[in-house]
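Working through the structure, step by step
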Amino acid sequence: MRGPHNIWRLIRTGATLERTGAMPVLLDAVEAPRLTRMAIRGLVWPFQWLGLKGDETLPPVPRALQAMGPAYIKFGQVLSTRPDVVGSGLAVELRVLQDKLPPFPVEVAKAEVEKELGRPVDALFSMFSEPVAAASIAQVHQAQLRESGDFVAVKVLRPGIERAFQRDIDTFYLIASFLDAVSPSSRRLKPLDVIEHFEGVVLGELDLRLESASASEFAANTETDKGFTLPRVRWALSARRVMTLDWAEGINAAEVEAIAAAGHDMTQLAQRVLQLFLKHALRDGFFHADMHHGNLKIAPNGDIIALDFGIMGHLDEYTRRVYAEILFGFIQRDYMRVAEVHFEAGYVPADRDVNAFARALRAVGEPIFGMNAEQISMARLLSYLFEVTERFGMETRTELILLQRTMVVVEGVARTFDPRMNIWDAAKPVVETYIADSIGPRAMIADLQRTARVLGRFGPRLPALAESALIRLSEERDPAPRARPWPAVGWMAVGAGLATAVAAVIAGIA
Ligand SMILES: Nc1ncnc2c1ncn2[C@@H]1O[C@H](COP(=O)(O)OP(=O)(O)O)[C@@H](O)[C@H]1O
Ligand SMILES: [Mg+2]
């Protein structure tokens, strides 16, 4: 799929980026050298009339992405969660991208459901509504089951969306390999990795079985969480392109006044939403990573209902423990302890000065704890912390960035419920409970038991494993360099071709 027939899409993309003024911003972001910059812009400039104009009220980059359609919009949204990649300014700018699209007709949705589930819609449902929500990848209908009379939500992928996305992702790969070839200084940004990350996120959303699986895993983890409900997956009515969940009745979390008018305790709701998120991240290592208002409802009994399991975050157990200790250290304002945890975990290279690091951490913590209770933000603490750790040589980790980003959103939601909320007071008990359960003596016994179980399983194979590990160690070499899908030579050929075309056009005009 990756070949010259994509060149037209590439030209169109380049032209739109140039026409909307997004090109220089992006070239800045990838730190393209001056010559490359001039070459690219010189090449694209004559074609800019082929580009889309976009919505002039938007800043250049969101404007270009919005104009180029769903995959680009989605790409922008994913990048907005990666300030480590695009810088915090652009990340904030990209948050304006909303993937609201006109819905497709209910008849089309019904046909998709029949095709996927293999039975006529009328046989399954006694009612199937017009779409209640529509986004770039899927839309949602309300329906009623013929058999039981239960109400359900049916999420249906847009027809043909997989192919449309695949085409655009191919173009993204082309652009990324181009940048990789012409702009080695952009290695910090690793364009191909960024596209791979994006492809992973999107492929996950294009298979609703994965979302169903996330929903059911999340439900199993949180079964005993008080005041929290998830809609049940109806597996028999779900497939790759259709997902059916119990209908969740409630008030949208954005309608704060309606929630208050219904008599719910706003202070309590604010605390609960934050504590639930932290509990899921720390206790389960599996958290809802898209907890904005639109994906939350408040049930008539006051329960918080979460919807939309397309983006979930994972943290392995070790990372959870390290981060709980770090947060705990901050809560106690024990900066030396926080510094030591980073060194013990190997996050910060051992040759750095632990005292200087502890001092930098104090500079992160003290101003935040000096603020009024209602201004203290855990998300901000984490974001400052990552800045400092990066300065001290720690590698950026996608899952932590996602955690921090989600924390921003969750704090925002909590503060709309209770603007005066003290985030730290709400967070403290969750962190402390986790520490007590996971780092104390009880946890040590559990760890030993688990280790013994694993060793027991491997018992008969241990000698052979040890031997092969030793052999591998002694043979260890540098990893092979990564192959580029589009070598620089290919790009030169494309460039030469385009330049000739431009020259011919100019010659024709003259
Ligand atoms: N189980 C459900 N019960 C009630 N409404 C739902 C349910 N699932 C989705 N919705 C509605 O449909 C909207 C879009 O669904 P969502 O899963 O968030 O899709 P998207 O991934 O497109 O955001 C939600 O904001 C909510 O209003
Ligand atoms: Mg949603």
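Residues numbered from 1 in each chain as written. Chains lettered and ligands numbered in written order. Predicted model: local features only at pLDDT ≥ 70, side-chain atom pairs only at ≥ 80, totals over all residues. Heavy atoms only, no water.

1. Observations regarding the coordination of the magnesium ion (ligand 2)
For a metal with four donors in a tetrahedral arrangement, the ideal angle between donors is 109.5 degrees, while six donors in an octahedron ideally sit at 90 or 180 degrees. Surrounding the magnesium ion (ligand 2) are the protein donor atoms Asn295 (OD1) and Asp308 (OD), which sit 2.2 Å from the metal. Placement of the pair is Asn295 in the loop between strand E7 (286–288) and strand E8 (296–298) and Asp308 in the loop between strand E9 (304–306) and strand E10 (312–314), with a sequence separation of 13 residues. On the accessibility criterion, Asn295 (6% relative accessible area) is buried. A relative accessible area of 23% means that Asp308 is categorised as partly exposed. (Donors = N, O, S within 2.8 Å, 3.2 Å for Na, K, Ca; no water. Helix = DSSP H or I, 4+ residues; strand = E, 2+ residues; numbered from the N terminus. Buried < 20%, exposed > 50% of the residue type's maximum accessible area, 1.4 Å probe, protein only.)

2. As for the pattern of salt bridges
Under the defined criterion, the tally for this structure stands at 24 salt bridges. A salt bridge links Asp207 to Arg209, with the nearest nitrogen and oxygen atoms 3.1 Å apart. You can call Asp207 buried: its relative accessible area is 15%. Assessed through its relative accessible area of 42%, Arg209 is described here as partly exposed. Among the ionic pairs, Arg337 bridges to Glu325, the shortest N-O distance being 3.1 Å. Residue Arg337 is found in helix H16 (residues 335–344), and its partner Glu325 is found in helix H15 (residues 317–331); the two are separated by 12 residues along the sequence. For Arg337, a relative accessible area of 25% puts it in the partly exposed group. Each member of the salt-bridge network shares a partner with another, and the members are Glu112, Lys115, Glu162, Arg240 and Arg241. (Salt bridge = Lys/Arg side-chain N within 4 Å of Asp/Glu carboxyl O.)

3. Describing the sheet that holds strand E2 (residues 138–145)
Pairing is antiparallel across the open sheet formed by 4 strands, whose spatial order is E1-E2-E3-E5. Looking at the sheet topology across the chains shown, the edges are occupied by strand E1 (125–134) and strand E5 (242–246). Across the sheet, the mean angle separating the axes of adjacent strands is 25° when strand polarity is ignored. Relative to E2, E1 runs antiparallel, the two being bridged by 6 bridges. Residue pairing for E2: Ala133 is matched across the bridge by Val140. Contacting strand E3 (151–157) and E5, helix H12 (residues 208–221) runs over the sheet at an angle of about 25° to E5. (Pairing = 2+ DSSP bridges. Axes fitted to C-alpha atoms, helices over the stretch in contact; angles between N-to-C directions. Contact = heavy atoms within 4.5 Å.)

4. Remarks on unusual backbone geometry
Of all residues except glycine, most have a negative phi; of all peptide bonds, most are trans. Backbone geometry at Asp308 places phi at a positive 70°, although glycine is not the residue there. With a phi close to 55°, Arg333 is a non-glycine residue in the positive phi region. Relative to the elements of secondary structure, Arg333 occurs in the loop between H15 and H16.

5. Remarks on the nonpolar core
Tyr323, Phe330, Leu361, Phe417 and Trp424 are the most contacted members of the largest nonpolar core, which has 121 residues in total. Of the residues forming this core, the biggest block, 10 residues, is contributed by helix H14 (residues 266–284). When residues no more than four places from it in sequence are discounted, the contact partners of Leu361 are Phe330, Tyr335, Val338, Ala339, Leu385 and Val388. One finds Val152, Val154, Ala239 and Val242 within the second-largest nonpolar core, a separate group that totals 17 residues. (Core = buried A, V, L, I, M, F, W, Y, C linked by side-chain atoms within 4.5 Å.)

6. Brief notes about H14
Its 19 residues give H14 an end-to-end C-alpha distance of 26 Å, which sits within 8% of 27 Å, the value for a rise of 1.5 Å per residue. Two to three positions downstream of the cap, the backbone nitrogen of Thr267 sits 3.1 Å from a side-chain oxygen, assigning the N-cap of H14 to Asp265. (Expected span 1.5 Å × (residues − 1). Polar contact = N/O pair within 3.5 Å; in protein donor to acceptor, adjacent residues only side chain to side chain.)

Taken by themselves, the reported measurements are silent on function.
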